[in-house]
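Coordinates in review
Listed below are the residues making up each chain.
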Amino acid sequence: MITRQLKKNTIWSVLDLGIYPVMMILATPVFIKHLGYEQYGIWMMVSTINQFMYVLNFGLGESTIKIISGNRAFQNTSLITQRINRNWSQALLIFLFAVILGIAISRSGFVEYWFHIPQHLIDSTRLVLILAFTSTGVKFCEMILLSILKGYERFDISAQLSLFSKNSVVLVSILLAACGYPLYIIFLSTVLINVIHVLIQLIIIKKHFSFLNFMPRLSTNKAVASKDQFWYWLQSVIGLLGFLSDRIVVGYFTNLKILGLYSLASLIGSQIHNALTALGSFMFPKVAYEQSLNKDTLQLYYNSRFVINSAGWFIIFILLLSGDLVFKLWLGEEKFNNSIEYINLYLVYIAFLLLTIIPYQFINASNKPYYNSLFEGVLRTFHLVAMPLGFHFFGIIGLLWGLIISTGLIMIFQYYYFHKYFFNMHSLLNGIKVIVPSLCFIPFIMDCNLPIKIIACVMLPISIYLFYYKPSFLKFGNK
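The present account deals with the structure reproduced in this document. (Residues numbered from 1 in each chain as written. Predicted model: local features only at pLDDT ≥ 70, side-chain atom pairs only at ≥ 80, totals over all residues. Heavy atoms only, no water.)

Here's the deal with unusual backbone geometry
Positive phi is not limited to glycine here, since Asn-424 has a value of about 55°. Note on placement: Asn-424 falls in the loop between helix H14 (370–423) and helix H15 (428–439). Judged by its relative accessible area of 58%, Asn-424 is exposed. (Helix = DSSP H or I, 4+ residues; strand = E, 2+ residues; numbered from the N terminus. Buried < 20%, exposed > 50% of the residue type's maximum accessible area, 1.4 Å probe, protein only.)

What to know about a nonpolar patch on the surface
Together, Leu-450, Ile-454, Ile-455, Val-458, Met-459, Ile-462, Tyr-465 and Leu-466 give the surface a local cluster of nonpolar side chains, amounting to about 740 Å² of exposed area. Locating Leu-466 in the fold gives a position in helix H16 (residues 450–472). Relative accessible area serves as the criterion here: at 40%, Leu-466 is assigned to the partly exposed category. (Patch = residues over 30% accessible without salt bridge, like charges linked within 9 Å, V, L, I, M, F, W, Y side chains within 5 Å. Areas by Shrake-Rupley, 256 points an atom, 1.4 Å probe, with all protein chains shown as cover. Salt bridge = Lys/Arg side-chain N within 4 Å of Asp/Glu carboxyl O.)

A look at the packing of helix H11 (residues 298–331) against H16
Two elements in contact, H11 and H16, have axes separated by 8 Å at closest approach and are oriented at 160°. Accordingly, the angle class assigned to the pair H11 and H16 is roughly antiparallel. The two elements H11 and H16 cross, and the hand of that crossing is left-handed. Note on element contacts: H16 touches H11 through Cys-457, Leu-460, Ile-464, Phe-467, Tyr-468, Tyr-469, Pro-471 and Ser-472, opposite Gln-299, Tyr-302, Asn-303, Arg-305, Phe-306, Asn-309, Ser-310, Trp-313 and Phe-317. (Axes fitted to C-alpha atoms, helices over the stretch in contact; angles between N-to-C directions. Parallel < 35°, antiparallel > 145°, perpendicular 65-115°, else oblique. Left-handed = near helix turned anticlockwise from the far one by under 90°. Contact = heavy atoms within 4.5 Å.)

Here's the deal with the side chain of Ser-106
Following the sequence through the fold, Ser-106 ends up in helix H3 (residues 77–108). Beyond its immediate chain neighbours, meaning those up to four positions away, Ser-106 contacts Arg-126, Leu-129 and Ile-130.

Notes on the pattern of salt bridges
Inspection of every chain in the model, using the stated rule, returns 4 salt bridges. The closest approach of N and O atoms between Lys-139 and Glu-142, which form a salt bridge, is 2.7 Å. Remark: Glu-142 and Lys-139 occur in helix H5 (residues 122–151); sequence separation between them is 3 residues, near one turn of the helix. The exposure class assigned to Glu-142 is buried, which follows from its relative accessible area of 7%. The salt bridge involving Arg-380 is made with Glu-376; its shortest N-O contact spans 3.3 Å. Linking Arg-380 with Glu-376, this pair stays in helix H14, spanning 4 residues, or about one helical turn. Of the two residues examined, Arg-380 and Glu-376, each falls in the buried class.

Considering the environment of Gly-312
With respect to the helices and strands, Gly-312 occurs in helix H11. Not counting the four nearest positions on each side in its chain, Gly-312 is found in contact with Leu-276 and Leu-354.

Okay, structure coming up:
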């Protein structure tokens, strides 16, 4: 039965997940037009480097959600308060470290060497780096606050705060860029806005959960307090390094303009993946709660797998069919011609990567989160092998083909072991079935004739129906 709270959670989360990617996509041509290729390339380069900061998350978000989900059923507020205060203190320390690290990297000379920064942009690039790292440090504090709401399954409030936070930054950035302000002013405004939002979020959370006090304390304890938190952290580090490695390679072997164009493809694909990952995160507290009561979660797995993957594939299918019109209107003729091949390949890569979302949430909610670290490690290792090989033989296009092929192959075996160890299903065929819908996208990025593409269009809904919808037992319009 769909509860009123679940409806509110879903509606607000969909708005949060949908509006921000649309805002970013609409804003990109504005940024390129007013900042130029080089400054936009610097923005993408700084964002790439800055995202490596998230290796310092230490699983704080997931551990906050799980400690609340696992203890709220027993009303253990004292333990919840203790652990939240500990995670909050760590977030504040990470913020300070982020500022120091940003200063160190900006003065090291590494960035201008690796990404070939022109001499006249070096000083402004260094300032932007410091501001970007400072902004990310503030986001660690926000991560703890929003995780508290998710742990209590108040995704509606979390989504409202996240929507306000992210989209206000984009709107102000668009306004400043259109008014001709330089990149460092845009990043300075981002820092100030993020600080204001954290203060607002603190006030709102205290209103809903008055027993929380957010008292920071210095501690000599380990940064990672438990085995579960360690595995959450390790899997995020592995995934982050793998996810950003392609842009690091492109930045080294090309220039700021090409990096900016390539980032357009990554922007579209990653926004789809991030949105569906956030929607899939609904499962984390739900599964943790169900498992704490020793309930079976197989049907929940089938249902969520169908909803998340079919939604993602539908979006990708529409974009591949209408891309020539949509992306040309969005980017203009020149940028469209330079980037459309990257965009289509990246979309198909995301069609395979979507398969990781639901198993990831179920494993993290279990007592075996180390399997996610193992699976992430295997997947990203194959990426790092396949990408350089593809790049060596076929350039940047080969890099993307390396991502697609390696992801498809690894998904078969990862699903086999996931089904085996979590649901006691021993069949390699089940692992093959899950990738069939993703395979239907391959003809759209190859020089295939029309009949083959029509067959792929027919096979996509059939395979989703047989391998995803039927096991889910979902009946639309009924209970």
